[in-house]
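Now for the letters of each chain:
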Amino acid sequence: MPTVIALDVSLSMTRPIPHQSKTAGTSGDGGASENTLTYHQVAVKGINYILDYLTKHAKLEFVSLIVYSSLYEVLVDFTRDYDSIRQALHKIEHYDKTSLENVLVAVNNAFKSHWGSQNYCQIIFVTDCGIGMGPSSLKNTIINIQNYKAACATAVAAATAEGAKDPTGAGVVVPVPPQPSDNQWVGFAYPSKLSFVCLGSMATDIAFRCGTKLYQQLLDSSGQKGQLFIPRLRHDEAPSMDDSVSAGDNGCDDGTAGTFRAQLTKASALEAFETMCETNYRQFEATLRCGGYFRLEDPIIVWPAPLPYTARDVLGAETTKLMSRRLEVCGFLSLSDIGSPMSVSRHLILPRSGPNTASSQNPDEAKGGPSSGGKHGAGNLPTVEERLETDIKAFYGKADGESAHHHHADEQHSVAGMEESVCVLLHGALKVENMAALILLGDAWYGFIYSYADGKKKWNLMLNVLPPGNDVVPWLGDLRYLGTLDDALPGENPSFPIKADKRSYSQNIVVWIRQAGLQSDIQKVLRHAKKLPEKTQHFYKELNRIRRAALSLGFIELLEGLAHIFEREINTLPQSASPDCSMQLSHAIMELRRPANRDLKIVIHALPTQYNQLG
């Protein structure tokens, strides 16, 4: 889950915070005087707090630092070396006005080039909520987003009306939304969360109050998941001589002249950064359980934290599922039998150690549930298996009286690396046996845990989350009915998985797991297109192969993308190119965009011309 930190370096960030005490500033932050504290200095302290928090709670987080005003600059690319970011913070220069849209476009392009469009990104803006001026102002950005959303709604309505005119209902009209310009931001093209840490005073700064409203309107109009973090200003603090501000000094007369109005302080700003870190980087703590009566269990951390899974049915109703805090090992399968099923996300499984580990192993004890020693309700009585499990644990955990008394202090101060860990045991077993553990993540929701090598010497325990459902891996069948070889009936073939009697090697399998596979297929079609009419048959063979794969996967947007690529190729053809090249490309564009050709049985044939001798 990479993080992008964008720091506002416009001239407004160099302002000193008004009405601060004489000892607020320091002489080592950005070269300011000893008696002043600027917004930039508070922002730098807040970014350092973010890095310290990540160092303690999320060491594996990749972080990039970007500064922006009317332009932007990537100071530090994605890295885990947080010291390089701390050093870059001391070399920042300030420029002109704020232009938020330019840096939003830059963040979108930079993240897609590094991580693709499937990864989740945290984007943190540290700013004083300047709205800019002119065409690049925040108001114009919001207006452009609203116009784009309205144009998309109009395209959908037009496509729906066009489809309703067809009496047979066979024609499917796909709406073609307008394409935003290269410098226009209408939202991020990948799962993300946009956070703004706003530095200012809602009580006394009218410009800051108006700016926060526009920033919230930006989140609402773009549909972007995010939040504004504004420092809480305490009015009950004892004001100093410089903190006392009258209402007349703020340009408003509300009958509170001469009363204390709270201002931004370093403590309140750091509190906002702390709230943001705890909200966005909260660890997902769970319990991994394995075994029958004498269950092995271990407190773990799932990193990055799993996101809620939202599924949409045929009628458009959405249901959201959350991963359980108790992960149950259901069984073990060979990695060769599992193959490469479709997954929602992948996470690292890390053992969780700390002073409260023993007390947090069983969540029911903290809640006074069935495993606690208190009184049980009528419906919460422990079962026979749970009582037996408790007795077995107490028996094996019981030590000799005197030896336990003498070694009690040593056990309290034992090294964390020498403690027993189910994660270490499970990782070693899975790595040696080349197997994976089937994990129950929730109600009808499964995943696999296996040993994964990040490098030559670094091995990790990886959790592969499957889509919710019991029959999400076709070659495994219903996961609820998997059993061991001992469960097989007499004379039943125990081979698994079931293999087909005959195999067909005539069809080429299209694999688009990675972006390079799709790019190579499109480039192959373009190479044949540039050699028309000699490669006419090869061109349409590859075109139909890509078209069938896109229709099978529901990747309808690829057909429109190919049509745009062919249009660009027609405009860039050299004069020495054959006339058949533009004719065949135009014919392919028309066939790709025809709604009646969305059937898998239909094959696009070449256009007969005098050059390819098909007529």
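The structure this text deals with has already been given above.
Each value, and the rule that gives it
- Residues numbered from 1 in each chain as written.
- Predicted model: local features only at pLDDT ≥ 70, side-chain atom pairs only at ≥ 80, totals over all residues.
- Heavy atoms only, no water.
- Phe/Tyr/Trp six-rings, centres within 6.5 Å; stacked < 30°, edge-to-face > 60°.
- Helix = DSSP H or I, 4+ residues; strand = E, 2+ residues; numbered from the N terminus.
- Buried < 20%, exposed > 50% of the residue type's maximum accessible area, 1.4 Å probe, protein only.
- Lys NZ or Arg CZ within 6 Å of the ring centre and 35° of its normal.
- Salt bridge = Lys/Arg side-chain N within 4 Å of Asp/Glu carboxyl O.
- Expected span 1.5 Å × (residues − 1).
- Arc of directions from axis to C-beta.
- Pairing = 2+ DSSP bridges.
- Axes fitted to C-alpha atoms, helices over the stretch in contact; angles between N-to-C directions.
- 1 Å grid on protein atoms, 1.4 Å probe; cavity = no way out; pocket = protein on both sides within 12 Å on 5 of 7 lines; lining within 4 Å.
- Points joined across faces, edges and corners; volume = space filled by probe spheres on them.
- Nonpolar A, V, L, I, M, F, W, Y, C, P; charged D, E, K, R; others polar.
- Polar contact = N/O pair within 3.5 Å; in protein donor to acceptor, adjacent residues only side chain to side chain.
- Contact = heavy atoms within 4.5 Å.
- Core = buried A, V, L, I, M, F, W, Y, C linked by side-chain atoms within 4.5 Å.

K.L.:
Please clarify how the packing of aromatic side chains should be interpreted in this entry.
P.N.:
How two aromatic rings sit relative to each other is given by the distance of their centres and the angle of their planes. One pass over the structure, following the stated rule, counts 13 aromatic pairs. Taken together, a centroid distance of 4.4 Å and an interplanar angle of 35° make the contact between Phe111 and Tyr190 tilted. Highlighted residues: Phe111 in helix α3 (residues 100-115) and Tyr190 in the loop between α4 (138-165) and β5 (192-198), separated in sequence by 79 residues. Judged on exposure class, the residue Phe111 and its partner Tyr190 are both buried. For the pair Trp185 and Phe188, a centre-to-centre distance of 5.2 Å together with 65° between the ring planes defines the contact as edge-to-face. Pair check on accessibility: Trp185 and Phe188 agree, each one buried. Three or more aromatic residues link up through ring pairs in this structure, and these residues are Phe62, Phe78, Phe111, Trp115, Trp185, Phe188 and Tyr190. Its end group placed over the ring of Tyr452, Arg346 keeps NZ or CZ at 5.5 Å from the ring centre.

K.L.:
Would you mind going over the pattern of salt bridges with me for this structure?
P.N.:
It is possible for side chains bearing opposite charge to pair when their charged atoms get close. Tallied over the entire structure, the rule returns twelve salt bridges. For Asp521, the salt bridge is made with Arg545, and the minimal N-O distance between the two is 3.3 Å. You can see Asp521 sitting in helix α14 (residues 515-529) and its partner Arg545 sitting in helix α15 (residues 536-553), a full 24 residues away along the chain. You'll find Asp521 and Arg545 in the same group, each marked buried. Measuring nitrogen to oxygen at the nearest pair gives 2.9 Å for the salt bridge that ties Arg593 to Glu567. Taken together, the residues Arg593 in the segment after α17 (579-592) and Glu567 in helix α16 (residues 557-571) connect sequence positions 26 residues apart. Taking the relative accessible area as the measure of exposure, Glu567 reaches 29% and is therefore partly exposed. The network of salt bridges with common partners includes Asp521, Lys524, Glu542 and Arg545.

K.L.:
Sorry if this is basic, but what is going on with helix α13 (residues 422-433) here?
P.N.:
Because an α-helix completes one turn every 3.6 residues, residues spaced three or four positions apart along the sequence face the same direction. Across its twelve residues, α13 extends 16 Å between first and last C-alpha, which sits within 8% of the 16 Å expected from 1.5 Å per residue. Of the positions making up α13, those classed as buried are Val422, Cys423, Leu426, His427 and Leu430. Buried residues of α13, viewed axially, fall in a sector of 125°; they line one side. Facing away from the buried side of α13 by over 90 degrees, the exposed positions are Val424, Leu425 and Val432. Residue Asn434 follows α13 closely and has a positive phi angle near 55°.

K.L.:
Even after reading the chapter, I still don't get the sheet that holds strand β7 (residues 284-290), so can you show me in this structure?
P.N.:
Adjacent strands of a sheet form backbone hydrogen bonds with each other and so pair up, either parallel or antiparallel. Spatially, β7-β8-β12-β15-β14-β13-β11 is the arrangement adopted by the seven strands of the closed barrel, whose pairing is mixed. Each strand axis lies, on average, 40° off the axis of its neighbour in the sheet, ignoring direction. With four bridges connecting them, strand β12 (residues 345-351) and strand β15 (residues 459-465) associate as antiparallel partners. Note on β15: the bridge partner recorded for Arg346 is Asn464.

K.L.:
Sorry if this is basic, but what is going on with empty space enclosed by the protein here?
P.N.:
Empty space among the atoms becomes visible once a probe the size of a water molecule is rolled across them. If you walk through the whole model with that rule in mind, you get one cavity of 30 Å³ or more. One number sums up the size of the largest cavity: a volume of about 80 Å³. Along its surface, the largest cavity is lined by Met1, His57, Ala58, Asn280, Tyr281, Arg282, Gln283, Phe284, Val302, Trp303, Pro304 and Ala305. Counted by class, the lining of the largest cavity contains eight nonpolar, three polar and one charged residues.

K.L.:
It is not clear to me how the side chain of Thr98 should be interpreted in this structure. Could you clarify?
P.N.:
Here Thr98 is to be found in the loop between α2 (82-89) and α3. The buried category is assigned to Thr98, whose relative accessible area is 5%. Within the structure, the side chain of Thr98 is placed 3.4 Å from the side chain of Asp8, a separation counted as a polar contact. At 3.1 Å, the side chain of Thr98 and the side chain of Ser10 are in polar contact. Contacts of Thr98, omitting those with residues within four sequence positions, involve Asp8, Ser10, Tyr68, Ser69, Gly130 and Gly132.

K.L.:
In this structure, what is going on with the sheet that holds strand β6 (residues 226-229)? I would like to understand it.
P.N.:
With mixed pairing, six strands are arranged side by side in an open sheet as β3-β2-β1-β4-β5-β6. One side of each edge strand has no neighbouring strand; the edge strands of this open sheet are β3 (72-79) and β6. When the angles between neighbouring strand axes are averaged without regard to direction, this sheet yields 15°. Each of β2 (63-68) and β3 is contacted by α2, which is oriented at about 160° to β3, the strand it contacts most. Strands in contact with α3 are β1 (3-8), β2, β3, β4 (121-127) and β5; relative to β3, the strand with the most contacts, it is inclined by about 30°.

K.L.:
I keep staring at unusual backbone geometry and nothing clicks. Help me out?
P.N.:
Generally, phi is negative for residues other than glycine and the peptide bonds are trans, each holding for most cases. In this structure, the amide linkage connecting Trp303 to the following residue, Pro304, adopts the cis form with an omega of -10°. By the element assignment, Pro304 lies in the loop between β8 (296-303) and β9 (309-312). Looking along the chain, the bond that leaves Leu532 and enters Pro533 is cis, with omega of 5°. Notably, Asn434 is not glycine yet its phi reads approximately 55°, a positive angle. With respect to the helices, strands and loops of the structure, Asn434 is situated in the loop between α13 and β13 (435-442). Residue classification places Asn434 among the partly exposed positions, given a relative accessible area of 47%. Notably, Ala444 is not glycine yet its phi reads approximately 55°, a positive angle.

K.L.:
I'm lost on the nonpolar core in this one. Help?
P.N.:
With 50 residues, the main nonpolar core has Leu7, Ile50, Val126, Leu199, Met276 and Phe448 as its most contacted residues. Residue assignment for this core shows that the elements contributing at least two residues are β1, α1 (39-57), β2, α2, β4, α6 (266-280), β13 and β14 (445-453). Sort the elements by how many residues they give to this core and α1 lands first, with nine residues. Sequence-distant contacts of Ile50, defined by excluding residues within four places in its chain, comprise Ile5, Ile124, Phe273, Met276 and Cys277. Counting residues in hydrophobic clusters, the runner-up holds 30 residues, among them Val4, Val105, Ile142 and Leu228.

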